Amino acid sequence: MLRTTKNINKLLLFAICLIEFALIMASLPVYFELNDDTGMNAIASGAVSGSPSEFLLFTNVIIGYLLKFFFTYVPTVNWYTWYLLSALFMGYFAIQYAFATKNASLWLKIFKHILILALIMTSLLTITFSEVAVVVMIGGILIIANAEHKNHFELGFGLFLMVLGALIRTDVFKMIMLLGVPVFVYLIYSKHYRKLLYIALSVLISFGAMMIDKLVYHNHTEYQEYREFNQIRSKVTASDNSQLFDKMEIFKAMGWGIADVELMASFNLDVGHLKFTKEKLKRVANYDPGLNKKRSLSFLLEHVGISLKTLFDFIKRQTHWLLVFCCILFLLIERKTKALLQVLAYFIYIVLIAVFILIVIEGNLKDHIAFGLLLPLGLMLIYFLSFDRIFKWIGIKHLNYVKTGLIVFCAVVLFIPLLKFNMTKDAIINEFEITEKMHAALEARPEPFYVSWVILQYYPIFNLPFNMSKAYSLGWSAGSPVNKDKIERFTGNRNLGVYTIFNKDIVWYFQNDIYYKLFAKIVYEFYLKTYPNRSFSRELIKVTENKMLIKHTYHIKM
């Protein structure tokens, strides 16, 4: 009987989580936040090349092969969206499941459930594959850590989620494993060796998947070179302004002036740009200001300050996260000294990881990194919440009022992101329509080849990505074998960069917005300085009443 009740409760929790997701997806215009996802979506679906591809660059090729299969045989469904949403849902459900199986009163479970939903809401309203990987990985670890003794279904589900997180983004897998060290230490201390075995097995399978990914890229030389170049380019452009200043010595050695550094800092660098060759970028990426500086106390303190500021700025921007972290006041009122010390110790550990990422790996703490670092801390805080002392103070007479007030507090925390997103709903839908018209206008252009610098991510995520089969896409897709194919069809030479095509009209299209107009200006100044004898024409193409495409045509005689 008890077992049946538990199974019913699990099914009920699954249904509640599914309804929550369905209501949000049905009522709000959810979209991909970054062009990383729209780019991988376009690659997997074939919108870029005309045929689906497994080479997603940031996501393991195993997922790429699966998406390629589904897009090949059922091309009318956006499988990339369904795969990410399914992964996010499983990770979210796993986190809620881990909390719901703990002994607590029903109202406290509801309280914690709503707070967890508020935290995960950040990754649902504007989806990024990196944040999905964070949720999936954390869900996997929590499911294994909280699994019942010898419950192989729960342990297996946790293992599957951990491996899935590694497939979605390897860097996130490494970060979450590092963040999970205290949990693993606890499992060793409490002699949960079976759970540790499943975690170890997930790590082995994940590393096996990484080896398969490397082997596939190794057997496709162009994609391997493209990914290596892109990793170097990302490392160079990831640095913040202070780090750019530290590298002025190497910039001068490369022959780069202030204008070049600003270009490098503001935009992804395109293959073929004469000043930014692979060899130069590699030297800049590997430049080290010296171990003495890195060992200095002032250097470390500076990066501790940057890490703290980045993390607190992230929490402040996400108002609902700020309210969740305000729950630490309840721990203070409850006088949970041990819990507070654990939260503080884990926060210090997180800051140390942030400093390590900042100095050694990334060069800055992007939003998905801040999300990944802070989500475990938020969940830890929610885990320790209880109101025993507060309830004793209040007394039985007013207990229901207090519980109602706390649930109302949860509802406010939850509805803040929903309300903010709903307030921009019309603007987002309008942006969907404008972007669709922009790409329809581009697709209707007569040129067989053009360079596109037009926004990609504003479209409903269940729609298929925009057709870009004629466009040479900039950003991280620049220099890809697909772009090389397009240049070869246009020029007969696949080894040219977009900046080194001669004796042909090169057409650039820019969106008529501040960001894109700025890049149009930079491109124009580059051609003017590098090729004084080039010819140039400019045209405005009306798309809507207020939106236009800017067309630049360059011709370089050599």
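Presented here is an overview of the structure given in this document. (Residues numbered from 1 in each chain as written. Predicted model: local features only at pLDDT ≥ 70, side-chain atom pairs only at ≥ 80, totals over all residues. Heavy atoms only, no water.)

Overview of helix 8 (residues 170-179)
Argument step 1. Those residues of helix 8 lying buried are V172, F173, M175, I176, M177 and L179.
Argument step 2. Looking at the packing, one finds that the buried side of helix 8 touches helix 6 (129-145), helix 7 (152-168), helix 9 (181-189), helix 10 (193-218), helix 20 (337-361) and helix 21 (367-384). (Buried < 20%, exposed > 50% of the residue type's maximum accessible area, 1.4 Å probe, protein only. Helix = DSSP H or I, 4+ residues; strand = E, 2+ residues; numbered from the N terminus. Contact = heavy atoms within 4.5 Å.)

Some points on the environment of S477
Argument step 1. Checked against the element boundaries, S477 lands in the loop between strand 4 (471-473) and helix 25 (481-491).
Argument step 2. Judged by relative accessible area, S477 falls into the buried class, the value being 16%.
Argument step 3. Through-space distance from the C-alpha of S477 to that of A354 is 28 Å; in sequence the pair is 123 residues apart.
Argument step 4. Those residues in contact with S477 that lie beyond four places of it in its chain are Y226 and N483.
Argument step 5. A polar contact is formed between the side chain of S477 and the backbone oxygen of S473, at a distance of 3.4 Å. (Polar contact = N/O pair within 3.5 Å; in protein donor to acceptor, adjacent residues only side chain to side chain.)

As for the pairing of strand 6 (residues 535-542)
Argument step 1. The pairing of strand 6 with strand 7 (residues 548-555) spans 8 bridges and is classified as antiparallel. The residue of strand 7 that forms the bridge with S537 is T553.
Argument step 2. Here strand 6 hands over to strand 7 after 5 residues, the two strands then running antiparallel side by side. (Pairing = 2+ DSSP bridges.)

Things to note about the nonpolar core
Argument step 1. In this structure, I168 and L375 are the most contacted members of the largest nonpolar core, which totals 157 residues.
Argument step 2. The greatest single-element share of this core, amounting to 14 residues, is contributed by helix 4 (residues 79-100).
Argument step 3. Residues I455, Y472, F510 and A520 belong to the second largest nonpolar core, which totals 25 residues. (Core = buried A, V, L, I, M, F, W, Y, C linked by side-chain atoms within 4.5 Å.)

Some remarks on the packing of aromatic side chains
Argument step 1. Here the structure, examined in full by the defined rule, presents 47 aromatic pairs.
Argument step 2. Ring geometry for W453 versus F519: centroids 4.8 Å apart, planes at 35°, classification tilted. Placement of W453 in strand 3 (residues 450-453) and of F519 in helix 26 (residues 514-530) is noted, with a sequence separation of 66 residues between them. Considered together, W453 and F519 belong to a single accessibility category, that of buried residues.
Argument step 3. Sitting above the plane of the Y383 ring, K112 keeps its charged end 6.0 Å from the centroid. (Phe/Tyr/Trp six-rings, centres within 6.5 Å; stacked < 30°, edge-to-face > 60°. Lys NZ or Arg CZ within 6 Å of the ring centre and 35° of its normal.)

Focus on the packing of helix 7 against helix 10
Argument step 1. Across the interface, helix 7 lies against helix 10 with an axial gap of 9 Å and an inter-helix angle of 30°. One finds that helix 7 runs roughly parallel with respect to helix 10. With respect to the hand of their crossing, helix 7 and helix 10 are arranged in right-handed fashion. Only R194, K195, Y198, I199, L201, S202, I205, S206 and A209 of helix 10 make contact with helix 7, whose side of the interface consists of H152, L155, G156, L159, M162, V163, A166 and L167.
Argument step 2. Classifying every residue of the contact of helix 7 with helix 10 by side-chain character gives 11 nonpolar, 4 polar and 2 charged. (Axes fitted to C-alpha atoms, helices over the stretch in contact; angles between N-to-C directions. Parallel < 35°, antiparallel > 145°, perpendicular 65-115°, else oblique. Left-handed = near helix turned anticlockwise from the far one by under 90°. Nonpolar A, V, L, I, M, F, W, Y, C, P; charged D, E, K, R; others polar.)

Description of unusual backbone geometry
Argument step 1. Of note, L57 is a non-glycine position whose phi angle comes to about 75°, a positive value.
Argument step 2. One can find L57 in the loop between helix 2 (35-45) and helix 3 (61-73).
Argument step 3. Judged by relative accessible area, which is 7%, L57 ranks as buried.
Argument step 4. Of note in this structure, N503 is not a glycine but carries a positive phi near 60°.
Argument step 5. Mapped onto the elements, N503 comes out in the loop between helix 25 and strand 5 (505-511).

Some remarks on the sheet that holds strand 3
Argument step 1. Strand order in the open sheet formed by 5 strands is 4-3-5-7-6, and the pairing between neighbours is mixed. The open sheet terminates on both sides in strands that have one partner only, identified here as strand 4 and strand 6. Neighbour to neighbour, the strand axes of the sheet diverge by 25° on average, direction disregarded.
Argument step 2. Here 7 bridges tie strand 5 to strand 7, and the two strands are oriented antiparallel to one another.

Digging into the side chain of N60
Argument step 1. Note that N60 resides in the loop between helix 2 and helix 3.
Argument step 2. Exposure remark for N60: the relative accessible area of 5% places this residue in the buried category.
Argument step 3. In this structure N60 touches L167, A209, M210 and D213, once residues within four positions along its chain are discounted.

A word on the pattern of salt bridges
Argument step 1. Under the defined criterion, the tally for this structure stands at 14 salt bridges.
Argument step 2. Between R494 and E222 there is a salt bridge, with its nearest N and O atoms 2.7 Å apart. One end of the pair, R494, is in the loop between helix 25 and strand 5; the other, E222, is in helix 11 (residues 221-237), with 272 residues separating them in the sequence.
Argument step 3. Residue classification places R494 among the buried residues on the basis of a relative accessible area of 17%. (Salt bridge = Lys/Arg side-chain N within 4 Å of Asp/Glu carboxyl O.)

Quick notes on the environment of L464
Argument step 1. Along the chain, the position of L464 falls in the loop between strand 3 and strand 4.
Argument step 2. Put simply, L464 and I127 are 337 residues apart on the chain and 16 Å apart in space, counted from C-alpha to C-alpha.
Argument step 3. Those residues in contact with L464 that sit more than four places away from it in its chain are F71, P75, T76, V77, N78 and Y459.

Re the packing of helix 6 against helix 21
Argument step 1. Between helix 6 and helix 21, the least distance of the axes is 9 Å, while the angle of their chain directions is 25°. Taken as axis vectors, helix 6 and helix 21 run roughly parallel relative to one another. In this structure, helix 6 meets helix 21 at a crossing whose hand is right-handed. Between helix 6 and helix 21, the contacting residues are S130, E131, V134, V135, I138 and L142 on the first element and D367, H368, F371, G372, L375, P376 and L379 on the second.
Argument step 2. In terms of residue class, the contact of helix 6 with helix 21 is made up of 8 nonpolar, 3 polar and 2 charged.

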